[in-house]
Amino acid sequence: MNRKYRKVIIAGNWKMNKLATDAKPFVEELRAAMPKDKTCETVLCVPFPIIPAMARAMRDSRIAYGAQDVSEHASGAYTGEVSAAMLANLKVKYCIVGHSERRQYHGETDSAVNVKAKALLDEGVTPIICVGESLEQREKELTSEFVAYQVKAALAGMDAKTVKRCVIAYEPIWAIGTGRTASAEQAQEVCHEIRGVIRELYDARIARAVSILYGGSMNAKNCAELLAQPDIDGGLIGGASLKTEDFAKIISATEEE
Ligand code: PEP
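All values reported here derive from a predicted model rather than from experimental measurement. (Residues numbered from 1 in each chain as written. Predicted model: local features only at pLDDT ≥ 70, side-chain atom pairs only at ≥ 80, totals over all residues. Heavy atoms only, no water.)

K.L.:
Where do I start with the site of the ligand in this structure?
P.N.:
Taken together, 14 residues sit near the ligand, with K15, E171, G177, S217 and G238 positioned nearest. At 3.1 Å from an oxygen atom of the ligand is found a side-chain nitrogen or oxygen belonging to N13. One of the side-chain nitrogen or oxygen atoms of E171 is found 2.7 Å away from an oxygen atom of the ligand. Here the ligand, which alone exposes 290 Å², has 95% of that area covered by the protein. Of the residues that constitute the shell around the ligand, the class distribution is four nonpolar, eight polar and two charged. (Near = heavy atom within 4 Å. Polar contact = N/O pair within 3.5 Å; in protein donor to acceptor, adjacent residues only side chain to side chain. Areas by Shrake-Rupley, 256 points an atom, 1.4 Å probe, with all protein chains shown as cover. Nonpolar A, V, L, I, M, F, W, Y, C, P; charged D, E, K, R; others polar.)

Below, the structure written as structure tokens:
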């Protein structure tokens, strides 16, 4: 982490779990368990139907809520879709785009990720852009090349000022929901490379300002080592964000430096 230049962010991804009625008790428990004077940005990205309940539950708290996907389209005949303007209207602060589960099960392409990120930025919502390699790509030593390609595709056509408002999450696919975490060295190496790609595309000042998160089986036990890495500015957390005790421990770990 490098608080001097970047925001430290702990973002939970509830995926398709929990109900709207869980929002209030969860937030109450989380607030009781997490440090009162926390300095990191804390976000819970929840399913669309839970957003209004989250907004009510988080009133007067220092926790933000987010979404997990957004439509590429602004409005119109796109049954089942949710636009960036609809999210902004609900005061959603962050939205995940390009999560590997959406790429894998819903055919989300790199160009869709780029369009979605821009749609969110236009509405003042911060995209959390997920990138990461498969196990096969890692084993074939294609990680650097593939992740660089994904980052460049996601940021295509964005000017420097816009890119500063993006968050990147490095999520190796083989570590998501598997209990198999990237080692701190592996995660740091790729996050450092991602910063290098941003430096190459823009400049050192912009690269220094973008928060890069690690995601993939981060939990209360392994978070401290991952968060201690200079280019890892927080976490995108699936399983461990469903339990207040675990999520609070990860938030607390950002305060221990
Ligand atoms: C995720 O869904 O983005 C994620 C990292 O999941 P998990 O923490 O469960 O691996």
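K.L.:
How should the packing of aromatic side chains be read in this particular structure?
P.N.:
Here a ring pair, both rings aromatic, is described through the centre-centre distance and the interplanar angle of the planes. Applying the stated criterion across every chain yields a total of two aromatic pairs. Aromatic side chains W14 and F26 sit 4.8 Å apart centroid to centroid with 85 degrees between the ring planes, which places their arrangement in the edge-to-face category. Highlighted residues: W14 in the loop between strand 1 (9-13) and helix 1 (23-33) and F26 in helix 1, separated in sequence by 12 residues. Per residue, the accessibility class of W14 equals that of F26, and both read buried. A cation over a ring is seen here: R208 above Y5, with NZ or CZ 4.1 Å from the ring centre. (Phe/Tyr/Trp six-rings, centres within 6.5 Å; stacked < 30°, edge-to-face > 60°. Helix = DSSP H or I, 4+ residues; strand = E, 2+ residues; numbered from the N terminus. Buried < 20%, exposed > 50% of the residue type's maximum accessible area, 1.4 Å probe, protein only. Lys NZ or Arg CZ within 6 Å of the ring centre and 35° of its normal.)

K.L.:
Looking at this model, I keep getting lost on the nonpolar core. Mind explaining?
P.N.:
As a rule of thumb, soluble globular proteins bury nonpolar side chains together. Of all hydrophobic cores here, the largest spans 73 residues; its most connected members are M54 and I194. Considering each element in turn, this core owes the most residues, seven residues, to helix 9 (residues 184-201). Once you skip the residues sitting within four places of it in the chain, I194 turns out to touch V131, V147, V151, I168, Y170 and I212. (Core = buried A, V, L, I, M, F, W, Y, C linked by side-chain atoms within 4.5 Å. Contact = heavy atoms within 4.5 Å.)

K.L.:
Would you mind showing me how to read the sheet that holds strand 2 (residues 41-45) here?
P.N.:
Adjacent strands of a sheet form backbone hydrogen bonds with each other and so pair up, either parallel or antiparallel. One closed barrel accounts for eight strands, arranged 1-2-3-4-5-6-7-8; its pairing is parallel. Taken pair by pair, the neighbouring strands of this sheet meet at an average axis angle of 25 degrees, ignoring direction. Alignment of strand 6 (residues 167-170) against strand 7 (residues 211-215), held across four bridges, turns out to be parallel. When the sheet's bridge partners are listed, V167 is paired in strand 7 with S211. (Pairing = 2+ DSSP bridges. Axes fitted to C-alpha atoms, helices over the stretch in contact; angles between N-to-C directions.)

K.L.:
Any chance you could explain the pattern of salt bridges here in plain terms?
P.N.:
Opposite charge on two side chains permits them to pair, given that their charged atoms come into close proximity. All told, the structure shown has 17 salt bridges when counted by the stated rule. In this structure, D233 and R195 form a salt bridge, with 2.8 Å as the shortest nitrogen-oxygen distance. In this pair, D233 is assigned in the loop between helix 11 (223-227) and strand 8 (234-237) and R195 in helix 9, connecting sequence segments 38 residues apart. For K249, the salt bridge goes to E245, with nearest N and O atoms at 3.4 Å. Of the two residues, K249 and E245 both sit in helix 12 (residues 244-253), four residues apart, roughly one turn of that helix. (Salt bridge = Lys/Arg side-chain N within 4 Å of Asp/Glu carboxyl O.)

K.L.:
Looking at this structure, I do not really get helix 5 (residues 110-122). What am I missing?
P.N.:
Working note: α-helix, 3.6 residues per turn, so residues spaced by three or four point in the same direction. Given a rise of 1.5 Å per residue, 13 residues ought to cover 18 Å, and the 19 Å separating the end C-alpha atoms of helix 5 matches this to within 8%. Of all the residues in helix 5, the buried ones are D110, A112, V113, N114, K116, A117, A119, L120 and L121. As for helix 5, its buried residues are in contact with helix 3 (84-89), strand 4 (94-97), helix 4 (100-106), strand 5 (126-131), helix 7 (143-155) and helix 8 (160-163). Two residues or fewer after helix 5 comes G124, characterised by a positive phi angle close to 80 degrees. (Expected span 1.5 Å × (residues − 1).)

K.L.:
Quick question: what am I supposed to make of a positive patch on the surface here?
P.N.:
Where like charges cluster on the molecular surface, the positive patch consists of K4, K164, R205 and R208. Structurally, K164 can be placed in the loop between helix 8 and strand 6. Owing to a relative accessible area of 39%, K164 belongs among the partly exposed residues under this scheme. (Patch = residues over 30% accessible without salt bridge, like charges linked within 9 Å, V, L, I, M, F, W, Y side chains within 5 Å. Lys, Arg positive; Asp, Glu negative; His and termini not counted. Charge placed at Lys NZ, Arg CZ, Asp CG, Glu CD.)

K.L.:
Even after reading the chapter, I still don't get the pairing of strand 7, so can you show me in this structure?
P.N.:
Put simply, side chains in a regular strand alternate between the two faces of the sheet. Where burial is concerned, most of strand 7 is hidden: five out of the five residues are buried. What you see with strand 7 is no split at all: S211, L213 and G215 on one side and I212 and Y214 on the other are buried throughout. When strand 7 meets strand 8, the two strands line up parallel, connected through two bridges. If you follow Y214 over to strand 8, its bridge partner there is G235.

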